[in-house]
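# Notes for the structure review
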Amino acid sequence: MTAATAFPYKLVIFDFDGTLGDSFPWFLRHVNSVADRFKFRRVEAGDIAMLRRAGPHEVIRHLGVSRWKLPLIARHTRQLKTAHLADIPLFPGVATLLRTLKAQGVATAMVSSDIEANVRHALGGDNAALIGHYACGASLFGKASKFRRVMKQAGVPAEQSLAIGDEIRDLDAARKAGIAFGAVSWGYSCPQALRSHAPDMMFATMDDIIASL
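Residues numbered from 1 in each chain as written. Predicted model: local features only at pLDDT ≥ 70, side-chain atom pairs only at ≥ 80, totals over all residues. Heavy atoms only, no water.

In this model helix α4 (residues 70-82) runs 18 Å from its N-terminal to its C-terminal C-alpha over 13 residues, within 8% of the 18 Å that 1.5 Å per residue would give. Burial in α4 covers these residues: Ile-73, His-76, Arg-78, Leu-80 and Lys-81. Turning to α4, the residues buried within the fold contact α1 (24-38) and α6 (116-123). (Helix = DSSP H or I, 4+ residues; strand = E, 2+ residues; numbered from the N terminus. Expected span 1.5 Å × (residues − 1). Buried < 20%, exposed > 50% of the residue type's maximum accessible area, 1.4 Å probe, protein only. Contact = heavy atoms within 4.5 Å.)

See the structure below:
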């Protein structure tokens, strides 16, 4: 989509980690303490590039994570983040993006695996207030149902909704929910891996999202 193309979406659904919040450096600092606690494979420096190319099922297999541990790991990670929210900055341009969407009359929502309180705190009060709908606490493979929930809340059909995220699992969830997906290149999954899954849109910078409006 070029800047001259009319923006066809009435609802934009954001992911937080790796999309609006720069949490990947924090994740790398803490992942091995989580690995030791839950007895899965530690992430070495040489693993990072491969893991950023992999889908969620591949990551789980590589790390040797038992499926039954996933909810326990997610809960512990959320609690860990609560104690370190000051270490997770927003990417530059988030406030401008949210204000622009508001000014253009585009509804916004947040679907995150983190809890809503963490997301709101990390966004800050002014930014959080610009997002109209929240459906947080999604399981690793549970975002599709959250997408459907915020579409219903916003009263916007799937064909007029766009999810924006940074991971292959976000893209998979958007397709499961029947909505378009815009991939950002600055998050957890590497841009090449995202492009190989043919997202509807690809954003190299926050300004690219604004330009699409």
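Having seen it, we continue.
The next subject is the environment of Ile-115. Inspection of the secondary structure puts Ile-115 in the loop between β2 (107-112) and α6. Of the residues examined, Ile-115 reaches a relative accessible area of 34% and is grouped as partly exposed. For the pair formed by Ile-115 and Arg-169, sequence separation is 54 residues and the distance between their alpha carbons is 18 Å. If near-sequence neighbours (up to four positions away) are discounted, Ile-115 is found in contact with Arg-78, Thr-82, Cys-136 and Gly-137.

As a further point, take the pattern of salt bridges. Counted by the stated rule, this structure contains seven salt bridges. With its nearest N and O atoms 2.9 Å apart, the salt bridge here joins Lys-143 to Asp-170. One end of the pair, Lys-143, is in helix α8 (residues 143-154); the other, Asp-170, is in helix α9 (residues 168-177), with 27 residues separating them in the sequence. Each member of the pair, Lys-143 as well as Asp-170, is classed as buried. Through salt bridges that share partners, Asp-15, Lys-143 and Asp-170 make up one connected network. (Salt bridge = Lys/Arg side-chain N within 4 Å of Asp/Glu carboxyl O.)

Glancing now at the packing of α1 against α4. It is at 11 Å that the axes of α1 and α4 come closest, and there the two elements cross at 135°. Classified by the angle their axes make, α1 and α4 are oblique. The way α1 lies across α4 gives a crossing that is right-handed. In this structure, α1 uses Trp-26, His-30, Val-34, Arg-37 and Phe-38 to contact α4, whose residues at the interface are Leu-72, Ile-73, His-76, Thr-77, Leu-80 and Lys-81. (Axes fitted to C-alpha atoms, helices over the stretch in contact; angles between N-to-C directions. Parallel < 35°, antiparallel > 145°, perpendicular 65-115°, else oblique. Left-handed = near helix turned anticlockwise from the far one by under 90°.)

Another aspect to go through is the pairing of strand β3 (residues 133-136). Neither face of β3 is open: one carries His-133 and Ala-135, the other Tyr-134 and Cys-136, and all of them are buried. Here β2 runs beside β3; their pairing, made up of four bridges, is parallel. Bridged to Val-111 within β3 is Ala-135. (Pairing = 2+ DSSP bridges.)

Judged by pairing direction, the sheet is parallel, and its six strands sit side by side in the order β3-β2-β1-β4-β5-β6 without closing on themselves. Pairing within the sheet leaves two strands with one partner each, and these edge strands are β3 and β6 (201-203). Here the average twist between neighbouring strands, direction ignored, is 20°. By the bridge criterion, three bridges tie strand β5 (residues 180-184) to β6 in an arrangement that is parallel. Counterpart to Ala-183 in the pairing with β6 is Met-202. Sitting on the sheet, α6 is in contact with β2 and β3, with an inclination near 130° to β3. Against the sheet, α8 makes contact with β1 (11-14), β2, β3 and β4 (161-165), and its axis sits at roughly 160° relative to β3, the strand it touches most.

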